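Report on the structure
Chain by chain, the residues run as shown.
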Amino acid sequence: MSLLSPKQHQAWIQSTETPKRYNVHCGAWQSGKTYVNYFVKLHRMMNLPPGRGMLIGKTQGSYIRNVIDPMREMFGSEVIGRVSGKQSVRILGRECQIFGANDAGASAAIMGFSGVYLDGDEFVLWPENVFRDALSRLSKPGATVDLTANPAGPRHWAKLWIDATPNLQYISYKLTDNTFADPEYVASMQAMTGVWYDRYVLGKWTAAEGLVYDMYDETVHVVPECPPCTSYWVGGDYGATAPTALVLIGRAANGLYYVVDEWYWDPETQRRQLTEPQLVEAVKTLLRKHAFPGSEFLYPQKIYFDPAAAGTINALKVSGWSMTEGAANDVISGIQCVGGMLSTRRLLIHERCQHVRDDLQSYGWDPKATETGEDKPIKYPLLFTEAKAV
């Protein structure tokens, strides 16, 4: 059985027999681009001039999870060494340093580095200044760059750089290029619509325009009843002057997720702000409403709040809800998660959750941000994505 799909074999030949200074592998989710680059990296380690390698991911941890750990599992610890406390690793004996590119300040860690190789994982997610600073560290003759990513909008800085850069080869991947992919997964992904289908199935650079959740259909996603669930979560978004919202989400034995209930407070219509003790009581009221027989409350796996609401998180913990914590505050990742679940009909909403339903039908992309290549939603009073629980 071949280790590579036909597309991966083609990409291998292009990357190793006719490499450019910049080699970009970009396309759909789970299309095989990262996997073939495991082999390409070993080829680079054996054939590049002497010098260090620079390995960059959105974070150091994400690069280790996405690249180093799978490669060590495939090729063994003699080929892929252990990551040191200083975040360095030896690949076929060549010293490589791992960096994160989570924000513009990440450039400070890169300054002073000099090497012959850059491997960039999900480089489209990096700040542009970090990307350009990383390229400036490769001043030695024969230096080579390998980059992998999913596409974004056509005005994104990464796409503009790709289109304007000489000595670059671009290898595009579709989901169907991965001949090893699980057919059920492929079918679920192909149920996506709009920008998500274009980007994560076809591998196209497509603008985020119109409604964020254009796949949402009241006749499909709204249900009159939710079955008993095996696990529950609460997501909360606190607003001092803006509305405060809670959602209760459950996962049933059939693997589907349900927005079971919601709680909503608008200080404009209520003519007063919500205090932290009142919010704690609101959480308790929501969980008391759905308690199992013989129990005062429904006890969720986690209660998630925006990490900026540190006072609220602490107030809930002090009140005995120790499972409360700050959520990952990444709106776009949340949108991708919710959009994927709606597209594959794995997320359903109880008909009583009117504010959630209204948001799903009105949550839109910011057209001004789209013009500059940024994926940014227009903020509405209740953001279901920011409820965090999914």
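In this text, all values refer to a predicted model and were calculated from it rather than measured experimentally. Counting from 1, residues in each chain are numbered in the order their sequence is written. Local features in a predicted model are, by the rule used here, given only for residues with pLDDT of at least 70; side-chain atom pairs are given and counted only at 80 or more, and totals for whole chains, interfaces and linings are based on all residues. Values reported for side chains reflect all heavy atoms of the structure, with hydrogen atoms and water molecules removed beforehand.

So, about the overall build of the protein chain. Each helix and strand in the protein chain was counted, giving 15 helices and 14 strands. Just to be clear, the radius of gyration here is over C-alpha atoms, and the globule rule we use is 2.2 Å times residues to the power 0.38. For 390 residues, the compact-globule estimate of 2.2 N^0.38 gives 21 Å, and the protein chain sits close to it at 23 Å. Taken over the C-alpha atoms alone, the protein chain extends approximately 65 × 45 × 40 Å along its principal axes. Under the scheme applied here, a residue whose accessible area is under 20% of the maximum for its type counts as buried, over 50% as exposed, and between as partly exposed, the area being computed with a 1.4 Å probe on protein chains only. Counting over 390 residues, the protein chain shows a buried share of 52%. Elements are defined by DSSP. Helices are runs of H or I of four residues or more, strands are runs of E of two residues or more, and each kind is numbered from the N terminus.

Each packed pair of helices is defined by two parameters, the angle between the axes and the distance between the axes. Every angle, taken between N-to-C directions, lies between 0 and 180 degrees, and every axis is a line fitted to C-alpha atoms, over only the stretch in contact when it is a helix. Contact geometry for helix α2 (residues 33-47) and helix α3 (residues 60-75): axes closest at 11 Å, N-to-C directions at 65°. Compared by their axis directions, α2 and α3 come out roughly perpendicular. Here the hand of the crossing between α2 and α3 comes out right-handed. Contacts between α2 and α3 involve Thr 34, Tyr 35, Tyr 38, Phe 39, Lys 41 and Leu 42 on the former and, on the latter, Tyr 63, Asn 66, Val 67, Pro 70, Met 71, Met 74 and Phe 75. Among the residues forming the contact of α2 with α3, the class breakdown is 10 nonpolar, 2 polar and 1 charged. Just so you know how the angles are binned, under 35 degrees is roughly parallel, over 145 roughly antiparallel, 65 to 115 roughly perpendicular, and the rest oblique. Less than a right angle of anticlockwise turn of the near helix away from the far helix marks a crossing as left-handed, whereas a clockwise turn marks it as right-handed. Two residues form a contact once any of their heavy atoms are found within 4.5 Å. Basically, the charged four are Asp, Glu, Lys and Arg, the nonpolar ten are Ala, Val, Leu, Ile, Met, Phe, Trp, Tyr, Cys and Pro, and anything else, Gly included, counts as polar.

Between helix α11 (residues 276-289) and helix α12 (residues 310-318), whose axes approach to 10 Å, the crossing angle comes to 55°. As judged from the angle between their axes, α11 and α12 are oblique. When the axes of α11 and α12 are compared, the crossing they make is right-handed. Every residue of α12 that contacts α11 at Glu 276, Leu 279, Val 280 and Val 283 is listed here: Gly 311, Thr 312, Ala 315 and Leu 316. In the contact of α11 with α12, the residues fall into 5 nonpolar, 2 polar and 1 charged.

Moving on, we get to empty space enclosed by the protein. Space left empty within the atom packing is revealed by a probe, the size of a water molecule, rolled over the atoms. Lining residues are those with an atom within 4 Å of a point, where the points come from a 1 Å grid over the protein atoms alone and group into cavities, where a 1.4 Å probe fits but cannot get out, or pockets, open sets with protein on both sides within 12 Å along at least five of seven lines. Grid points are joined across faces, edges and corners, and a volume is the space filled by probe spheres set on the points. By the definition in use, this model includes 1 cavity of 30 Å³ or more. Along its surface, the largest cavity is lined by Thr 34, Asn 37, Tyr 38, Lys 41, Val 67, Asp 119, Asp 121 and Thr 148. Looking at the lining of the largest cavity, the elements with two or more residues in it are α2 and β5 (117-121). With 4 residues, the top contributor of residues to the lining of the largest cavity is α2. Tallied by class, residues from the lining of the largest cavity come to 2 nonpolar, 3 polar and 3 charged.

Here the focus is the side chain of His 290. Within the secondary structure layout, His 290 lies in the loop between α11 and β12 (302-305). Counting of polar contacts relies on pairs of N or O atoms within 3.5 Å, with two restrictions inside protein: one atom must be capable of donating a hydrogen and the other of accepting it, and residues adjacent in sequence are counted only when both atoms are side-chain atoms. Reaching out from His 290, the side chain makes a polar contact with the side chain of Asp 261 at a distance of 2.8 Å. Setting aside its immediate chain neighbours within four residues, His 290 contacts Leu 248, Val 260, Asp 261, Leu 298 and Arg 352.

On to the environment of Trp 265, then. Summarising the element assignment, Trp 265 is placed in strand β11 (residues 257-265). Every residue in contact with Trp 265, bar those within four places of it in the chain, is listed here: Pro 243, Thr 244, Gln 270, Arg 272, Gln 273 and Leu 274. At a separation of 3.3 Å, a polar atom in the side chain of Trp 265 contacts the main-chain carbonyl oxygen of Arg 272.

The nonpolar core is taken to be a set of buried Ala, Val, Leu, Ile, Met, Phe, Trp, Tyr and Cys residues, with the residues joined through side-chain atoms within 4.5 Å. Counting residues in hydrophobic clusters, the biggest one holds 34 residues, and the most contacted among them are Trp 196, Tyr 213, Leu 342 and Ile 349. Counting residues per element, the ones that place at least two in this core are α7 (183-190), α8 (194-200), β10 (244-252), β11, α13 (331-343), β14 (347-350) and α14 (354-362). In terms of residue count, the dominant contributor to this core is α13 (4 residues). Those residues in contact with Trp 196, other than ones at most four positions away along the chain, are Val 201, Val 212, Met 215, Ile 335, Gln 336 and Trp 365. Core analysis: the second largest hydrophobic core is formed by 30 residues, Tyr 22, Phe 123, Ala 134 and Val 145 among them.

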